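Report on the structure
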Amino acid sequence: MGFRLPAIRRASSEVPKGYLAVYVGEKMKRFVIPVSYLNQPLFQELLNQAEEEFGYDHPMGGLTIPCSEDAFLDLKSRLALK
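Residue numbers here run from 1 along each chain, matching the order of that chain's written sequence. The predicted nature of this model means local features are confined to residues of pLDDT at least 70 and side-chain atom pairs, given and counted, to a pLDDT of 80 or more, with totals for whole chains, interfaces and linings taken over all residues. As a rule here, side-chain values come from all non-hydrogen atoms in the structure, and water together with hydrogens is ignored.

As recorded by an unreviewed UniProt entry, the chain carries the name Auxin-induced protein 15A-like and is attributed to Arachis duranensis. The record in UniProt for the chain states the following under Sequence similarities (unreviewed entry): "Belongs to the ARG7 family." UniProt positions are given in the numbering used here, feature names are shortened, and annotations may be inferred rather than shown by experiment.

See the structure below:
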């Protein structure tokens, strides 16, 4: 017989089902994006860069993307149109 600890959740850290958190830019700004972006070739290029730069160690709790916020926002807007 065991016991359960109550789940501690902070509203700012919750990610809806079907989305994931990524951290971008020098200030590590947090974005929540649809997991469908993972299948897009443009986003996969960023994932390859992230793997090269950070490996699989992402201490922020989400993916760390090695690009500027402006470049990420541009990519995000292009992916949203597809």
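Our focus in this paragraph is the pairing of strand E2 (residues 29–34). If a strand is regular, its side chains alternate between the two faces of the sheet. At least two bridges found by DSSP between two strands are what make those strands a pair. Only DSSP runs of H or I covering at least 4 residues are called helices, and only runs of E covering at least 2 are called strands; the numbering of each starts at the N terminus. Relative to E2, strand E1 (residues 19–24) runs antiparallel, the two sharing six bridges. Bridge assignment links Leu20 to a residue of E2, and that residue is Ile33. Here E1 hands over to E2 after four residues, with Gly25 in that stretch at a positive phi of 85°.

The aromatic pairing rule takes the rings of Phe, Tyr and Trp, using the six-membered ring of Trp, and pairs them if the centres are within 6.5 Å, calling planes under 30 degrees apart stacked, those over 60 edge-to-face and the rest tilted. Applying the stated criterion to the full structure yields two aromatic pairs. Summarising the aromatic geometry, the rings of Phe31 and Phe72 are spaced 5.0 Å apart at their centres and angled 45° between planes, so their arrangement reads as tilted. With Phe31 in strand E2 and Phe72 in helix H2 (residues 69–80), this pair connects stretches of sequence that are 41 residues apart. Each of the two residues, Phe31 as well as Phe72, counts as buried. Each residue is assigned to one of three classes by its accessible area relative to the maximum for its type, calculated with a 1.4 Å probe on protein chains only: buried under 20%, partly exposed between the two thresholds, exposed over 50%.

A few words now on the nonpolar core. In plain words, nonpolar cores are sets of buried Ala, Val, Leu, Ile, Met, Phe, Trp, Tyr and Cys residues tied together by side-chain atoms within 4.5 Å. Core analysis: the biggest nonpolar cluster contains 13 residues, and Val22, Val24, Ile33, Phe43, Leu46, Ile65 and Phe72 have the highest contact counts within it. At the level of elements, E1, E2, helix H1 (41–54) and H2 are the ones that each hand at least two residues to this core. Residues are treated as being in contact if the distance between any of their heavy atoms lies within 4.5 Å. The contact partners of Leu46, leaving out residues within four places of it in the chain, are Ile65, Pro66, Cys67, Phe72 and Leu75.

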